[in-house]
Amino acid sequence: MGGDDVRLRAVVALAQGMAAAHTPRESWRAAAAGACRALGGSFAALSVWERELGRLRVLANVGERARDEEEFPENEAYPVHQFPEITEFLHERWVGGGGPNAWVETADGPAAGRAEYCHQRVAALRRRGRGCCVVAPIVLHGRAWGELYVARPAGAPVFDRADADFATVLASVVAAGIAQTERLEEARRLAFTDALTGLANRRAVDVRLEEAIECHRAQGVVVSLVVCDLNGLKHVNDTRGHAVGDRLLERFGSVLSLCGAMLPGTLAARLGGDEFCLLAVGPAADEVVRVADELCRRAAELELGEGVACGVASTEDPLGPVRSARRLFRLADAAQYRAKAVRAEKPVVAGREGPDDPVVRLADAPQPAAAERRRFRGRR
């Protein structure tokens, strides 16, 4: 009974560890580490089966890692044909009504399971100085998602059938934790994504811009904001219907995303209605203006709409101190407002019309809160 209590506590600890994770990486680490402790292993790994690429990719390695094993490897993946038990043996058993049971292998060959499936794992055990391993398939939504792998060093007791059965239980707990993580990630994604265009939304811009300005204040990183207003959307909605208007928004969103990709790490977002923006952190102001100019050109070529009014504000330009996200946003917004007022075909850039720049004056003029065209969350 004592052994059962220990294993029950291990299962609870594994579930709690995954539940406490805030990111997928933390969840992967918690899964591998919890299983390693529960099975008395020295090393554990969590891997995912990427069907579209035909490979088993390692997500996390924990415990006593070999020289070629990173905690979160970028490129550790193995062709699935090297591990046919994933695609053949297990599938056949599930279809036949069997469960996805774990199996044990040793550096001398399989302790349980089918010999023809062990050669790659046996070679890996020998190469890394391990004596045995237990492999437990992870099933999610009725399909093989990946595997949980726990090993012991050479000379340690070999995993037995009871260990394999327990590994099967642990894999089901890991599957539940992964499902929860995926649900949370999807909820986070939806919270920061515009449903119509698939671009980032206003909340995502608020968060990223605040972080970017913090980096600017601390390290002098260049932060640039392109704010644009899609011309003619109301006319399209009034004359051709909102479905066509939505199609215009989607097409412009694709153009914005394409142009944003010209600047590494740039966030493309829909602020709401017909208002969009690009947030660039790092690239020079002239590069951002060049991309904004390309955005205007491509928007003018869209079959629907009447082009775009575009304003740019960058901390690299003579704007005075930019100590808050709010001020940079107001500068870009004022530049866009001026572009719309003068029907500019190219972007208007804040701070480039001399000491008495009209955009800077407009942005910095005292205004009642109710008079601001947009509200921005943050410090002044």
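Data block above holds the structure.
Below, the structure is looked at part by part. Computed from a predicted model, the values in this text were never measured in an experiment.

1. Let's talk about the overall build of the chain
Then, in step 1: A tally of helices and strands in the chain yields 11 helices and 12 strands.
Then, in step 2: Each of the 380 residues in the chain was classed as buried or not, and the buried ones make up 51%.
Then, in step 3: Counting only contacts in the chain whose residues sit at least 6 apart along the sequence, the fraction spanning at least 24 positions is 65%.
Then, in step 4: Approximately 18200 Å² of the chain is accessible, and the part contributed by carbon and sulfur atoms is 52%.

2. A look at the packing of helix α2 (residues 24-38) against helix α5 (residues 161-191)
Then, in step 1: Two numbers describe how α2 lies on α5: the axes approach to 10 Å, and their chain directions differ by 170 degrees. As the angle between them shows, α2 and α5 are arranged roughly antiparallel. Crossing geometry of α2 relative to α5 is assigned as right-handed. For the pair formed by α2 and α5, the contact residues are Pro24, Ser27, Ala31, Ala35 and Ala38 on the first element and Phe166, Leu170, Val174, Gly177, Thr181 and Glu185 on the second.

3. Notes on the pairing of strand β11 (residues 308-314)
Then, in step 1: Within β11, 7 of the 7 residues are buried, leaving the element largely enclosed by the surrounding structure.
Then, in step 2: Burial of the side chains of β11 extends over both faces: Val308, Cys310, Val312 and Ser314 are buried on one face and Ala309, Gly311 and Ala313 on the other.
Then, in step 3: Pairing between strand β8 (residues 223-230) and β11: 7 bridges, direction antiparallel. Looking at the pairing, Asp229 lines up with Ala309 of β11.
Then, in step 4: The pairing of β11 with strand β12 (residues 348-349) spans 2 bridges and is parallel. Looking across to β12, one finds that Val312 is bridged to Val349.
Then, in step 5: As a crossover connection, the stretch from β11 through helix α10 (residues 325-341) into β12 is left-handed.

4. Overview of the packing of aromatic side chains
Then, in step 1: Applying the stated criterion to the full structure yields 2 aromatic pairs.
Then, in step 2: Judged by centre distance (6.3 Å) and plane angle (75 degrees), the ring pair of Phe43 and Tyr149 falls under edge-to-face. Taken together, the positions of Phe43 in strand β1 (residues 43-50) and Tyr149 in strand β7 (residues 143-153) put the pair 106 residues apart, joining distant regions of the chain. For the residue pair Phe43 and Tyr149, the accessibility class agrees, reading buried in each case.
Then, in step 3: Taken together, a centroid distance of 4.9 Å and an interplanar angle of 75 degrees make the contact between Phe252 and Phe276 edge-to-face. Of the two residues, Phe252 sits in helix α8 (residues 242-260) while Phe276 sits in strand β10 (residues 275-281), which places them 24 residues apart along the sequence.

Parameters at a glance
Residues numbered from 1 in each chain as written. Predicted model: local features only at pLDDT ≥ 70, side-chain atom pairs only at ≥ 80, totals over all residues. Heavy atoms only, no water. Helix = DSSP H or I, 4+ residues; strand = E, 2+ residues; numbered from the N terminus. Buried < 20%, exposed > 50% of the residue type's maximum accessible area, 1.4 Å probe, protein only. Contact = heavy atoms within 4.5 Å. Areas by Shrake-Rupley, 256 points an atom, 1.4 Å probe, with all protein chains shown as cover. Axes fitted to C-alpha atoms, helices over the stretch in contact; angles between N-to-C directions. Parallel < 35°, antiparallel > 145°, perpendicular 65-115°, else oblique. Left-handed = near helix turned anticlockwise from the far one by under 90°. Pairing = 2+ DSSP bridges. Right-handed = clockwise from strand over helix to strand, strands pointing away. Phe/Tyr/Trp six-rings, centres within 6.5 Å; stacked < 30°, edge-to-face > 60°.

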